[in-house]
Amino acid sequence: MKKISILTIVSLVSGSLFAGNPQRVGSAGASELLNNSWARNSGWGNVNTAGVRGVESVFLNIAGIANVENLELAFSNTQWLSGSDITINSIGLVKTVGGSGALAISLSNFSYGDLIVRTEAQPDGGISTISPYAAIITGGYAQKFTESIFGGVNLKFYNQGLPNLSVSALLVDAGVQYHTGKDNRLKFGITLRNIGPSAAFGGDGLSIQATVPGGGYSQTFSSRSAKFEFPSNLVIGGSYDFYPGSDQMLTAAINFQSNSLQKDEYGLGLEYSFRQTFMARVGYTIFDNRIDRQQTNVHTGLAAGVSFMLPMSKDAGGNNLAFDYSFRATRTPFLGTHTLGIRLSL
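A closer look at the packing of aromatic side chains
Here is step 1: In the structure shown here, the tally under the stated rule is six aromatic pairs.
Here is step 2: Between F201 and F228, the aromatic rings sit 5.9 Å apart at their centres with planes inclined by 40 degrees, giving tilted as the arrangement. Remark: F228 occurs in the loop between β11 (218-222) and β12 (233-245) and F201 occurs in the loop between β9 (186-195) and β10 (207-211); sequence separation between them is 27 residues.
Here is step 3: Given a relative accessible area of 24%, F201 falls into the partly exposed group.
Here is step 4: Under the relative-accessibility criterion, F228 is labelled buried at 12%.
Here is step 5: The rings of Y158, F201, F228 and F230 are connected pair by pair, giving a single aromatic cluster.
Here is step 6: The ring of F59 carries R193 above its face, with NZ or CZ at 5.0 Å from the centroid.

Structure, rendered in structure tokens:
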């Protein structure tokens, strides 16, 4: 019944996501929900929807946390659009529960640096500075239904704002993975992300103290913020593992992402693994620019990354510590997006 419920959610919501309007690109709010702050899978263009596992599944496909054997803890730091002073720090934990389930929690904090406060009376600033913020807190559960089928649901609490202006919302992800073939080499994945109602900013920042014309006294005037939609998307992916040598593995992955308020994306990626201790990966994302024939994405589509895994026990598949790095190319004046991560598996 749980498997049927997850597949039902995917079926019911996917129709509305495929009805996205490319002409509304940029009209969604909460763009932080589209930013992958984890190093391993961002290093090959977010294409591993079918095979992602562990903490990074809280962003890519929540079903992947069911592949954790016991416990995984991860931390990452992202210099988003290097030169913009935007930093993302993320921490996450996945723990198996029962015989076939897993729970995950994560926190991603976005820092935008200090901005100068400017007013009509003092357009050059000199008053003070403010620090915008955004945070995403997730809690997810995934289940291993059979040896081949995994499914899960993820709840996201999103909060963004300034000291006197903010917005909060609760969103839902749902995902499924299917592994088949010899040694489960062939994998398929599908996920719905960022499903939730529209939201609007609120707070004292929408009020202004002004003199009533002809009245000779002051009064507070308040305005209402327009509601915005969240950047929901439907992602479908597949991958296949090749074994060119006894100690080597090459994984090829493809991905399609249908965005409700963004251009659709097509992704390709390769990951090479040697003895499960060194991994190198590369990915490329193609944005669907057929409507306006314009390149409107700050990232060019190219991504690359590496991982080093250090075994902490002599047993195969035992405890290990991994270091990840990813780079995503951007257009000028930015100098790329860089992510460093560390993972501990117990």
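Regarding unusual backbone geometry
Here is step 1: Along the chain, T332 connects to P333 via a cis peptide bond; the corresponding omega equals 10 degrees.
Here is step 2: Structurally, P333 can be placed in the loop between β17 (320-330) and β18 (337-345).
Here is step 3: Of note, the phi angle at L81 is positive, near 50 degrees, even though the residue is not glycine.
Here is step 4: Tracing the backbone shows L81 in the loop between β1 (71-80) and β2 (86-97).
Here is step 5: Residue D183 is not a glycine yet carries a positive backbone phi of 55 degrees.
Here is step 6: In this structure, D183 sits in the loop between β8 (165-180) and β9.
Here is step 7: Given the relative accessible area of 55%, D183 is considered exposed.

Thoughts on the pairing of strand β7 (residues 149-162)
Here is step 1: Extensive coverage of β7 is indicated by the burial of ten of its 14 residues.
Here is step 2: Across twelve bridges, the pairing between strand β6 (residues 133-144) and β7 is antiparallel. Opposite A134, over in β7, you have Q160 as the bridge partner.
Here is step 3: Two successive antiparallel strands, β6 and β7, enclose a turn made up of four residues.
Here is step 4: Direction of pairing for β7 relative to β8: antiparallel, over a ladder of 14 bridges. Each residue of the ladder has a partner; that of Y158, found in β8, is A169.
Here is step 5: Counting the residues between successive antiparallel strands, the hairpin from β7 to β8 contains two residues.

A word on the pairing of β17
Here is step 1: Relative to β17, strand β16 (residues 299-311) runs antiparallel, the two sharing ten bridges. Paired with P311 across the two strands is N320, which belongs to β17.
Here is step 2: Two elements, β17 and β18, share nine bridges in a ladder whose sense is antiparallel. In the strand pairing of β18, Y325 is matched with L340.
Here is step 3: The hairpin turn running from β17 into β18, its antiparallel successor, is six residues long, and G336 in that turn takes a positive phi close to 90 degrees.

Reading guide: rules and limits
- Residues numbered from 1 in each chain as written.
- Predicted model: local features only at pLDDT ≥ 70, side-chain atom pairs only at ≥ 80, totals over all residues.
- Heavy atoms only, no water.
- Phe/Tyr/Trp six-rings, centres within 6.5 Å; stacked < 30°, edge-to-face > 60°.
- Helix = DSSP H or I, 4+ residues; strand = E, 2+ residues; numbered from the N terminus.
- Buried < 20%, exposed > 50% of the residue type's maximum accessible area, 1.4 Å probe, protein only.
- Lys NZ or Arg CZ within 6 Å of the ring centre and 35° of its normal.
- Pairing = 2+ DSSP bridges.

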